[in-house]
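The chain contents come next:
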Amino acid sequence: MKAEFVHEFVRGNSERTLVLLHGTGGDERDLIPIGRALDPNASLLSPRGKVLENGMPRFFRRLSEGVFDIDDLKLRTTELADFVTAAAERYGIDGKRIVGVGYSNGANIAASVLLLRPEIFSAAILFRAMVPLIPETQPKISSAHVWIGAGKSDPIIPAAQTEQLAELLRKAGADVTLRWFSAGHELTPQDLSTAHEWLMSLR
Ligand code: MLT
């Protein structure tokens, strides 16, 4: 099946599922502890990106740092969205309670899923995300709650990119919370505890 991914699935004891999307060079095991820290009760679905860059898994091709292959990104976004839909059926999870959680490259594809396939995630947590693409038509993602965690001194993502992403998602109708941390591109314990509190406040 084309939309298949190597993945881990950990069944939880609530109706919520977190789709965990790792950064460049990560794999399906990377974010399992982070998923657990964000929500101790949720099911966790964690695919491994299928694009290899010098042997490092990613979720879509890039031409250089921060310059994306948009055709590949669109294709991979569809593939990932189809995988999540199929996995929801396979594992019998609630397709209306799926939260996308991504770090770096994983956050970028999660943002792309929000913009191109807005029916997939009811909420998303984006750690160190950029604008993945500008959609040709204005998406409608009015039911989604989105939390963005940005590093004030991130050497990879200029602050203006983060602001632009928040704006793009807001314009599409998402309820966006943007938090800045005294950090670079790396994930900090403050990111996790703040995102956890936010997630727990959602119903
Ligand atoms: C990307 O390629 O998605 C971003 O540059 C983040 C990264 O993976 O380094």
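None of these values were measured; they are calculated from a predicted model.

**Observations regarding the site of the ligand**
Working step 1: Surrounding the ligand, one finds Thr24, Arg58, Phe60, Arg62, Glu65, Gly66, Phe68, Ser104, Asn105, Asn108 and Met130.
Working step 2: In this structure, threonine 24 approaches the ligand through a side-chain N or O atom, which is 2.5 Å from an oxygen atom.
Working step 3: Residue asparagine 108 places a side-chain N or O atom 2.8 Å away from an oxygen atom belonging to the ligand.
Working step 4: Burial of the ligand by the surrounding chains reaches 95%, relative to a free accessible area of 260 Å².
Working step 5: Each residue belonging to the shell around the ligand can be placed in one class, and the counts come to three nonpolar, five polar and three charged.

**Re the nonpolar core**
Working step 1: Residues Leu126 and Leu169 are the most contacted members of the largest nonpolar core, which totals 46 residues.
Working step 2: Broken down by secondary-structure element, the contributors of at least two residues to this core are β2 (17-21), α2 (70-91), α3 (105-116), β9 (123-127), β10 (145-151) and α4 (159-171).
Working step 3: Counting residues per element, this core draws most heavily on α2, which supplies eight residues.
Working step 4: Listed in part, the 20 residues of the second largest apolar core include Leu20, Ile34, Leu199 and Leu202.

**A word on the pairing of β10**
Working step 1: With respect to burial, β10 is a largely interior element, six of its seven residues being buried.
Working step 2: As paired strands, β9 and β10 are joined by five bridges and run parallel to one another. Each residue of the ladder has a partner; that of alanine 124, found in β10, is valine 146.
Working step 3: Sheet analysis places β10 next to strand β11 (residues 175-181), joined by seven bridges and oriented parallel. Looking at β11, one finds that glycine 149 is bridged to arginine 179.
Working step 4: With α4 bridging β10 and its parallel neighbour β11, the resulting β-α-β unit is right-handed.

**Side note on α4**
Residue pairs three or four apart in sequence face the same way in an α-helix, which turns once every 3.6 residues.
Working step 1: Between its first and last C-alpha, α4 extends 18 Å over 13 residues, near the 18 Å set by a 1.5 Å rise per residue.
Working step 2: Those residues of α4 that fall on the buried side of the exposure criterion are Thr162, Leu165, Ala166, Leu168 and Leu169. Burial along α4 is one-sided: seen end-on, the buried residues are contained in an arc of 160°. Summarising the geometry of α4, the exposed residues directed more than 90 degrees from the buried face are Ala160 and Lys171.

**Some details on the packing of α2 against α3**
Working step 1: As a packed pair, α2 and α3 sit with axes 9 Å apart at the nearest point and diverge in direction by 80°. In terms of orientation, α2 lies roughly perpendicular with respect to α3. Touching Leu73, Lys74, Arg76, Thr77 and Leu80 of α2 are Ile109, Ser112, Val113 and Leu116, all from α3.
Working step 2: Taken together, the residues that form the contact of α2 with α3 break down as five nonpolar, two polar and two charged.

**Digging into the pattern of salt bridges**
Working step 1: Tallying each qualifying case throughout the model produces 16 salt bridges.
Working step 2: Linking aspartate 39 and arginine 16 is a salt bridge whose minimum nitrogen-to-oxygen distance equals 3.0 Å. One end of the pair, aspartate 39, is in the loop between α1 (32-38) and β3 (43-47); the other, arginine 16, is in the loop between β1 (7-10) and β2, with 23 residues separating them in the sequence.
Working step 3: For aspartate 39, a relative accessible area of 4% gives the class buried.
Working step 4: A relative accessible area of 7% places arginine 16 in the buried class.
Working step 5: A salt bridge links glutamate 79 to arginine 76; the shortest N-O distance between them is 3.5 Å. Of this pair, glutamate 79 and arginine 76 both sit in helix α2, three residues apart, which is roughly one turn of that helix.
Working step 6: For glutamate 79, a relative accessible area of 9% translates into the label buried.

Procedures and definitions
Residues numbered from 1 in each chain as written. Predicted model: local features only at pLDDT ≥ 70, side-chain atom pairs only at ≥ 80, totals over all residues. Heavy atoms only, no water. Near = heavy atom within 4 Å. Polar contact = N/O pair within 3.5 Å; in protein donor to acceptor, adjacent residues only side chain to side chain. Areas by Shrake-Rupley, 256 points an atom, 1.4 Å probe, with all protein chains shown as cover. Nonpolar A, V, L, I, M, F, W, Y, C, P; charged D, E, K, R; others polar. Core = buried A, V, L, I, M, F, W, Y, C linked by side-chain atoms within 4.5 Å. Buried < 20%, exposed > 50% of the residue type's maximum accessible area, 1.4 Å probe, protein only. Helix = DSSP H or I, 4+ residues; strand = E, 2+ residues; numbered from the N terminus. Pairing = 2+ DSSP bridges. Right-handed = clockwise from strand over helix to strand, strands pointing away. Expected span 1.5 Å × (residues − 1). Arc of directions from axis to C-beta. Axes fitted to C-alpha atoms, helices over the stretch in contact; angles between N-to-C directions. Parallel < 35°, antiparallel > 145°, perpendicular 65-115°, else oblique. Contact = heavy atoms within 4.5 Å. Salt bridge = Lys/Arg side-chain N within 4 Å of Asp/Glu carboxyl O.

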